[in-house]
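In case you want the letters, here they are:
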Amino acid sequence: MTKRIFRSICLAAGAVFLASLILIMGMLYSYFSRVQRTQLRTQTALAACGVENLGADYFDGLDLPSNRVTWISPDGTVLYDSQADARDMENHLQREEIQQALSTGWGESQRWSVTLLERSLYAAKRLEDGSVLRFSTSQNSVLTLLLGMSQPIVIVCFLALILSIVLAMRLSRRIVAPLNELDLDDPAENECYEELTPLLRRIRGQQKELQLQADRLRQKQNELTAVTGSMREGMVLLNKSGMILSINPAACALLDTDRRCVGRDLLTVNRNLELQAVLSKALDGTAAERTIPLHDRRFQVDASPVVSGGEVSGAVLLLIDVTEKEQAETMRREFTANVSHELRTPLTSISGCGELLKSGLVKPEDVASFGENIYSEAQRMVRLVDDIISLSHLDEGAEDLKRERVDLYAIAQTAVQSLAGRAEAAGVTLELTGRPTPMEGIPQLLGEIAANLCDNAIKYNRPGGWVRVSVESGKDAVRLTVADSGIGIPQEHQAHIFERFYRGDKSRSKAVSGTGLGLSIVKHAVQIHGGKIDLSSAPGRGTAIAVSFPIEQAKNRTFG
Ligand code: ADP
């Protein structure tokens, strides 16, 4: 801007200077022309007096270096000329000034030279004898005048130029200085040029508007950060070239990075090829989904394109932990397959027996044994279905069952009493030790736990063996332990016996009736109570399974 003002001032000064120069030159030229003409007239009048008095003698010894004198007879013949031989000169009758002088007494004219650099001024006066005396002088043209004065003009021009530049520089700086000192952070406080007030007011208005928008954006950003920060799912927002714009803490943890990755390409942050594949699909405008392994877990990656104005401007990645979901699905599939398999065996047996009975091929004395077989298989199916119902009930959280104050000892006692007959039949002694032990729990589930553990202890025992059930109250937990002197569980089976449909020793399992669901039910029921299971077993030496329940609610209370 300073440069522009400087240039404008220089240009204006130059133009004014040039105009002034032309005007002054013109005025000077016209003034000097007027003076020259007056002088010429005066000289002509004086010389006319001389010639009238002295005649041709007046011209003797006359020396006029700058003027020319010509004396012309009334018929136009040149009688005398100060610069040329009068005899060689042509008739002057037709000259303009001579014509005027002959008719009015005075004549004046001017004529340009061939080069137009000079002009001649003529003044003529008629004498008393009718002849005419003419004075002429030459006058320079303006151009000649300019050329003649070129040296002083150049000096003046040079000085004017220097002066203009210095002044223009100082002036332009002084004009621009207040603009440079404007405080745009607080436009209303500036006392600058009056003409700038509307502009400063507008800037102030726009600043307020921007401030408002920035506050709104910040608020939105904070809301978004708060929402995405508390999400368990990972969320990454990327621009169309795959650069991370926003990432929440869950995604940072999953992709092994931190918030400093914002502004970097996702490819440089995490090299998972499947992640890149879904992202590039989304950036091509198609939503994509894929399940990928991350940190020993399975994550479903949902990549959706962000479309604005009909064009893909970025993508959003959502990482959802689906490990449990997948496991549950696998379990459900396996469960269905196992249920079908387990039901098929007794059904085949029942159907076989039924078919034989129907065809009358069974001897009358064998009918009872066939009936017994059908009954026991049907019982097995009933047990299986009961266990499945219990398990699915537990899977759903058993929310319809109410927690209440219960006595774990009384529950164990009920289980022991109901299994006493079976223990006796198996030749196993069944004992219960302990004392009333209060706790908060679901009586039905605690009953199932005790019954299943005791049932197993009797089933997987040997004739003459024992089963000891004890209920104790510790500092932090109450504990139910079922120990037996049975066959024990080999080490390799111990990790699996709580799985659904898992049955330990296959050859032995066939002989002992069971569904493979008993311990799964125990595990689930204990989990619902927030308790834990401890197993200690050795083949041939027996098994002890202890379940403990935390008793913080029961603390400081007496059972009554
Ligand atoms: P089942 O209906 O077969 O008894 P469970 O889930 O109750 O099913 O038990 C799973 C497996 O664990 C059994 O098949 C058995 O091999 C083993 N098991 C459970 N309790 C005992 C125990 N007290 N002694 C030895 N093995 C046991």
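The next subject is the packing of aromatic side chains. All chains considered together, the criterion is met by five aromatic pairs. Ring plane angle 80 degrees and centroid distance 5.7 Å describe the contact between Tyr 58 and Phe 59, whose orientation is recorded as edge-to-face. Phe 59 gets classed as buried once you look at its relative accessible area, which sits at 5%. Aromatic pair Phe 59 and Tyr 80: ring centres 4.1 Å apart, planes at 20 degrees, arrangement stacked. In this pair, Phe 59 is assigned in the loop between helix H1 (2-54) and strand S1 (67-72) and Tyr 80 in strand S2 (residues 78-81), connecting sequence segments 21 residues apart. Residue classification places Tyr 80 among the partly exposed positions, given a relative accessible area of 21%.

Strand order in the open sheet formed by five strands is S12-S14-S15-S17-S16, and the pairing between neighbours is mixed. Taken across any chain shown, the strands that pair with only one partner, and hence form the sheet edges, are strand S12 (429-434) and strand S16 (532-538). Across the sheet, the axes of successive neighbouring strands diverge by a mean angle of 10 degrees, strand direction being ignored. One ladder, built from seven bridges, connects strand S14 (residues 466-473) with strand S15 (residues 477-484); its direction is antiparallel. Counterpart to Val 467 in the pairing with S15 is Asp 484.

Counting residues in each nonpolar core, the largest one holds 49 residues, and the members touching the most others are Ile 449, Val 469, Leu 480 and Phe 549. The contact partners of Phe 549, leaving out residues within four places of it in the chain, are Leu 408, Met 439, Leu 446, Ile 449, Asp 476, Ala 477, Val 478, Val 526, His 529 and Gly 531. In terms of nonpolar packing, the next biggest core, distinct from the first, is built from 25 residues, Ala 288, Leu 294, Val 301 and Ala 315 among them.

Next up on the list: the pairing of strand S4 (residues 118-126). Pairing analysis gives seven bridges linking strand S3 (residues 106-112) to S4, with the strands arranged antiparallel. Bridge pairing in S4 links Glu 108 to Ala 123. Here S4 pairs with strand S5 (residues 132-140) via nine bridges, running antiparallel. Paired with Lys 125 across the two strands is Leu 133, which belongs to S5. Between S4 and S5, which pair antiparallel one after the other, the connecting turn spans five residues, and Gly 130 there sits at a positive phi close to 95 degrees.

Let's shift gears to unusual backbone geometry. Of note, the phi angle at His 295 is positive, near 50 degrees, even though the residue is not glycine. Following the sequence through the fold, His 295 ends up in the loop between strand S8 (288-294) and strand S9 (297-308). Phi at Ala 398 takes a positive value of approximately 45 degrees, unusual for a residue other than glycine. With respect to the helices, strands and loops of the structure, Ala 398 is situated in the loop between helix H10 (367-395) and strand S11 (404-407).

The rules behind the values
- Residues numbered from 1 in each chain as written.
- Predicted model: local features only at pLDDT ≥ 70, side-chain atom pairs only at ≥ 80, totals over all residues.
- Heavy atoms only, no water.
- Phe/Tyr/Trp six-rings, centres within 6.5 Å; stacked < 30°, edge-to-face > 60°.
- Buried < 20%, exposed > 50% of the residue type's maximum accessible area, 1.4 Å probe, protein only.
- Helix = DSSP H or I, 4+ residues; strand = E, 2+ residues; numbered from the N terminus.
- Pairing = 2+ DSSP bridges.
- Axes fitted to C-alpha atoms, helices over the stretch in contact; angles between N-to-C directions.
- Core = buried A, V, L, I, M, F, W, Y, C linked by side-chain atoms within 4.5 Å.
- Contact = heavy atoms within 4.5 Å.

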